[in-house]
Amino acid sequence: MSDNKNINIAGIDLGTTFSAIAILNTIGKPEIVPNSDGERITPSAIFFDEDHGSIIRVGIEAINSRHLNVSRSVRWIKRHMGDTAYNKEVDGKKWSAVELSSLILKKLAQDFIAVHGDIDGVVISVPAHFDEIRRKATMDAGKMAGLNVISIVNEPVAAALYYATTRNVSGKVLVYDLGGGTFDVTIMNVQGSDINIICSQGEHELGGVDFDQKVLAMLQQNYRDKYGCDLTVTDEDRATYEDESEDIKKTLSRRPVARKMLYGPSGSVKVEITQQMFEDAIEELLSRTDLLLDAALKEANMTESDIDTVILVGGSTRIPAVQRRLEKRFGFAPETTVNVDECVALGAALHAGLTYQRENPDMLPAGITTGLKDIKLTDVCNHSFGTICAPFDSKLGKRVIRNQIILKKNTPLPCEVTQTFYTMSQDQKKLEVTVTQGEDTAVEYVNIIATHTIELPSGRSAKCPIKVTYSYDVNQRMHCKFEDVEAGQIHELDFSFDKNGKVSEAEEKEHIDRMKALKVE
Amino acid sequence: MNLNLYLALIIAACLLYLLIATLIQQYRNKTALTEQAKKSLYAKRLTVKLALAVAYAGTKMSALQLQVIKSYIKRDIAPKHLSQKIACYLKLLFQHFLIVSDGNQCSRISKQITALTDLAGCCDILDLCVRVVGTCDIVITKQLIFLKNISEQLGIDNEAFRFMLEKNIPVSKYKFEDFEIILGITSDMDASQTNSQLGKEYIKWNNRITNSNPQIRKQAQDMLNFIAKAKSLNK
């Protein structure tokens, strides 16, 4: 351990609507690093400047410019993360979700570096329910932004880590993370500095953006009722009123009524939206949060009475109806002592410190080591992983193709599981092996995240054993190997940029260099 | 219904039966059928009748429904003998075959089928019926009840039946009123059991929301909204 070494360890919350970056200070306490405008959170928005083609605006300026030209603007990119079919075309260039996310990360890093100097290692947070493809995509975005991504952490875990180490929280803790675009519930057992995750459940498309859309629908209805025509005609109109809707939602978290003038193509109208109207409009969305809570409690084999503390994370938890609903359900008020927009980034910085402590303890300054020494975090695997096989179904009297789960969801990390499968036919020449992620046995409902062909020696009889071993490390990454027992050969699968093939180091470097050359403001 | 329509129905039904019998005869002439193959072929003939009944449980038969049934006949009954002429005749026949499906008829056919074929065969039959219904723009309650009854009569469990519905019918085609059948809620469930079933369905579809197939993602998102609506109702 070195006493003099200066090391910059950071945590990033790459959010759907806002992002934040935090540093682990010299005594191992995380602190938010404000952006160049002095703001503690940065809108996850991008605008490709028309007048200055070489400049890409990220943050509040991108939000302010969006209503001028929607076609050059990007928001809520996190919802497309890992979607290889998605791209945004600007000036003939097609930007992938990973590239766009890397621009946001670049801006955060840039503002950090301006104050503290280079970042040595960073942990980026992801929603607990993000699958392997999305986790990898997030790490790739970090790499493209020129960051040394040492690990990723689940958002509710990061938040809980921060709460557990800075507030007096213990017992069974439920983290209710309702952010801009995603919703996660995590249940954990906290005893002093020992944090054991029990389970996580998440919704991919449920958050503040969806509440905004409900407000927008109300505005449009109001306008139609008055003038019989649409309030928004162009994409730019829509962008303007999407922002207005977000403002109304925020106002309704503080006051019982929000009033707004709408300026549409046929004239103006003053609208009044009450908290009750808003709550009625989002009732179905809130029902979904109830269902997710039910699911998490069931998975943890608990009831509401087993939970000692409910921690709120994410801007959407400011909605009074959300807090009221939780209080009614659990019988006590949820914990709101920490800024719900910042705790994920702060926890991610702590997680980065813990990763260094585990993997490179000699690199950590004494102050940080002392600050972190008592924290012990045990996370779980957030998805089930399996393989496709063809067992005999005695009921149907035939072989059926199905997904066989090998590594079960919520297994504590690190973990390793081996199952043995058998070849099907005499003189089988090859074996197509697949790695799946998902909870279904039906093949069409799980994602194939890697495939590999194993050549088999000729002349073999049927039913030769193939050992399949899956493991999941503490950095939330999966590893798998297929062992041809007779031949004594082990085939390890590598997860790459996309499921179709690994991107070479040269291609990866080209990606990084290209992103490095871009100017982000 | 007037006498003329009844007559038209009887004639159409007879014609269809004759047609399939002709197809089978042609097939028999070419191949020496074993007893098992005969049974199987008979079961398939009944399957077509069942599929037709299900199709007509809607308002009228569509070209798509016709296509699904024709494909089945071509593939499974008379792969090499369905000449162009017969195909055209079949099409005309289907288009004018205005039968009113009734539950008793389906029940009778289903019973005959179970005596002739195994569970795997019954699954294929129900799959055809579900696909036929899946081609409709809107699935009406009567069709859903028909399908459910057929699945019960064929000895297929509720989970397997609903799995076929999920695979073949987008939730946007259902009317919300039918949520109980779609979500596996039965009349004997109390509020707590209903909530538990909704929770099970919610977890299942939420796990599918990040599927790499955009159609499945869309179905999952629609199902989550559907379940949330049912949950609001069950509060």
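Here the structure is shown first, and the text comes after it.
Procedures and definitions
Residues numbered from 1 in each chain as written. Chains lettered and ligands numbered in written order. Predicted model: local features only at pLDDT ≥ 70, side-chain atom pairs only at ≥ 80, totals over all residues. Heavy atoms only, no water. Helix = DSSP H or I, 4+ residues; strand = E, 2+ residues; numbered from the N terminus. Buried < 20%, exposed > 50% of the residue type's maximum accessible area, 1.4 Å probe, protein only. Contact = heavy atoms within 4.5 Å. Salt bridge = Lys/Arg side-chain N within 4 Å of Asp/Glu carboxyl O. Core = buried A, V, L, I, M, F, W, Y, C linked by side-chain atoms within 4.5 Å. Buried area = accessible area lost by both parts, 1.4 Å probe. Axes fitted to C-alpha atoms, helices over the stretch in contact; angles between N-to-C directions. Parallel < 35°, antiparallel > 145°, perpendicular 65-115°, else oblique. Left-handed = near helix turned anticlockwise from the far one by under 90°. Pairing = 2+ DSSP bridges. Polar contact = N/O pair within 3.5 Å; in protein donor to acceptor, adjacent residues only side chain to side chain. Disulfide = S-S within 2.5 Å. Phe/Tyr/Trp six-rings, centres within 6.5 Å; stacked < 30°, edge-to-face > 60°.

**Q** So what's going on with the side chain of glutamate 203 of chain A? Which residues, and what values?
**A** Along the chain, glutamate 203 of chain A turns up in strand β14 (residues 194-203). Note on glutamate 203 of chain A: relative accessible area 0%, which makes it buried. Contact partners of glutamate 203 of chain A, with chain neighbours within four places excluded, come to His129, Thr182, Phe183, Asp184, Arg288 and Leu292 of chain A together with Tyr202, Asn206 and Leu224 of chain B.

**Q** Any chance you could break down the pattern of salt bridges for me, citing the residues and the numbers?
**A** Residues and elements named next belong to chain B. Going through the model one piece at a time under the given rule, you end up with 48 salt bridges over all chains. Across the pair aspartate 127 and arginine 131 runs a salt bridge, and its minimum N-O distance is 3.1 Å. Residue aspartate 127 and its partner arginine 131 are located together in helix α6 (residues 119-134), separated by four residues, close to a single helical turn. Residue arginine 131 is classed as partly exposed on the basis of its relative accessible area, which comes to 27%. Among the ionic pairs, aspartate 222 bridges to lysine 218, the shortest N-O distance being 2.6 Å. Within this pair, aspartate 222 and its partner lysine 218 are both found in helix α11 (residues 214-233), separated by four residues, close to a single helical turn.

**Q** Run through the nonpolar core, naming residues and quoting values.
**A** Core analysis: the largest hydrophobic core is formed by 89 residues, its most contacted members being Leu174, Tyr176, Ile187 and Leu219 of chain A together with Leu183 of chain B. At eight residues, α6 of chain B tops the list of elements feeding residues into this core. Those residues within four positions of leucine 219 of chain A in sequence are excluded, and the remaining contacts are Leu231, Tyr241, Ser245, Ile248, Leu262, Val271 and Ile273 of chain A.

**Q** Describe the interface of chain A and chain B, listing the residues and the values that go with them.
**A** Listed by partner, the interface residues are 30 residues for chain A and 31 residues for chain B. Interface area for chain A against chain B, summed over the two sides, is near 2700 Å², with a carbon-plus-sulfur share of 50%. The largest per-residue losses of area from chain A upon contact with chain B belong to Arg288, Leu291 and Tyr445 of chain A, which jointly make up 26% of the total buried on that side. If you look at where chain A meets chain B, you find five salt bridges.

**Q** An account of the packing of helix α10 (residues 191-206) of chain B against α11 of chain B is requested, with residue identities and associated values reported.
**A** Packed helices, taken two at a time, are described by the angle between their axes plus the distance between the axes. Residue and element names in this part refer to chain B. As a packed pair, α10 and α11 sit with axes 9 Å apart at the nearest point and diverge in direction by 160°. The angle between α10 and α11 falls in the class roughly antiparallel. As α10 runs across α11, the sense of the crossing is left-handed. In this structure, α10 contributes Asn195, Leu198, Glu201, Tyr202, Trp205 and Asn206 to the contact, and α11 contributes Gln219, Ala220, Met223, Leu224, Ile227, Ala230 and Lys231.

**Q** Could you give an account of the sheet that holds β14 of chain A, with specific residues and numbers?
**A** Residues and elements named next belong to chain A. Pairing within the open sheet is mixed, and its five strands lie in the order β17-β12-β13-β14-β18. The two strands at the open ends of the sheet, each matched to only one other strand, are β17 (309-313) and β18 (376-378). Averaged over all pairs of adjacent strands, the angle between their axes in this sheet comes to 25°, without regard to strand direction. By the bridge criterion, five bridges tie strand β12 (residues 171-178) to β17 in an arrangement that is parallel. If you follow valine 175 over to β17, its bridge partner there is isoleucine 311.

**Q** If you had to explain the sheet that holds strand β7 (residues 73-75) of chain A to someone new, which residues and values would you point to?
**A** Sheet strands pair by backbone hydrogen bonding; their relative direction is either parallel or antiparallel. All names here are of chain A. Taken together, the four strands give an open sheet; going across it, the order is β7-β5-β6-β29, and neighbouring strands pair in mixed fashion. Since the sheet does not close on itself, it has two edges, and those belong to β7 and β29 (519-520), each with one partner. Most of the contacts of helix α2 (residues 97-116) go to strand β5 (residues 45-48), to which it runs at about 100°, and overall it touches β5, β6 (55-58), β7 and β29.

**Q** Can you tell me about the side chain of arginine 134 of chain A, naming the residues and giving the values?
**A** The residue arginine 134 of chain A is located in helix α3 (residues 132-144) in this model. Here the side chain of arginine 134 of chain A touches methionine 81 of chain A through a polar contact of 3.2 Å, landing on its backbone oxygen. With sequence-adjacent residues up to four places away left out, arginine 134 of chain A is seen in contact with Met81, Gly82 and His204 of chain A together with Thr210 of chain B.

**Q** For the state of the cysteines, give the residues involved together with the corresponding values.
**A** Applying the stated criterion across every chain yields a total of zero disulfides over all chains. Lacking any disulfide linkage, cysteine 122 of chain B is separated from the closest cysteine sulfur, that of cysteine 123 of chain B, by 7.1 Å.

**Q** Quick rundown of unusual backbone geometry? Include the residues and the values.
**A** Residues and elements named next belong to chain A. Cis geometry is found at the peptide bond from leucine 413 to proline 414, where omega equals -5°. On the secondary structure map, proline 414 appears in the loop between β22 (402-407) and β23 (415-422). For tryptophan 76, which is not glycine, the phi torsion reads 55° and is therefore positive. Checked against the element boundaries, tryptophan 76 lands in the loop between β7 and β8 (88-90).

**Q** Please give an account of the packing of aromatic side chains that cites residues and values.
**A** Residues and elements named next belong to chain A. According to the stated counting rule, one finds ten aromatic pairs over all chains in the structure shown. Seen in terms of ring centroids, phenylalanine 385 and tyrosine 472 are 5.4 Å apart; in terms of plane orientation they differ by 35°. Their pairing is tilted. Of the two residues, phenylalanine 385 sits in strand β19 (residues 385-389) while tyrosine 472 sits in strand β26 (residues 465-472), which places them 87 residues apart along the sequence. You can call phenylalanine 385 buried: its relative accessible area is 0%. Pairing tyrosine 470 with phenylalanine 482 gives two aromatic rings, centres 6.4 Å apart and planes at 75°, and the pair type is edge-to-face.

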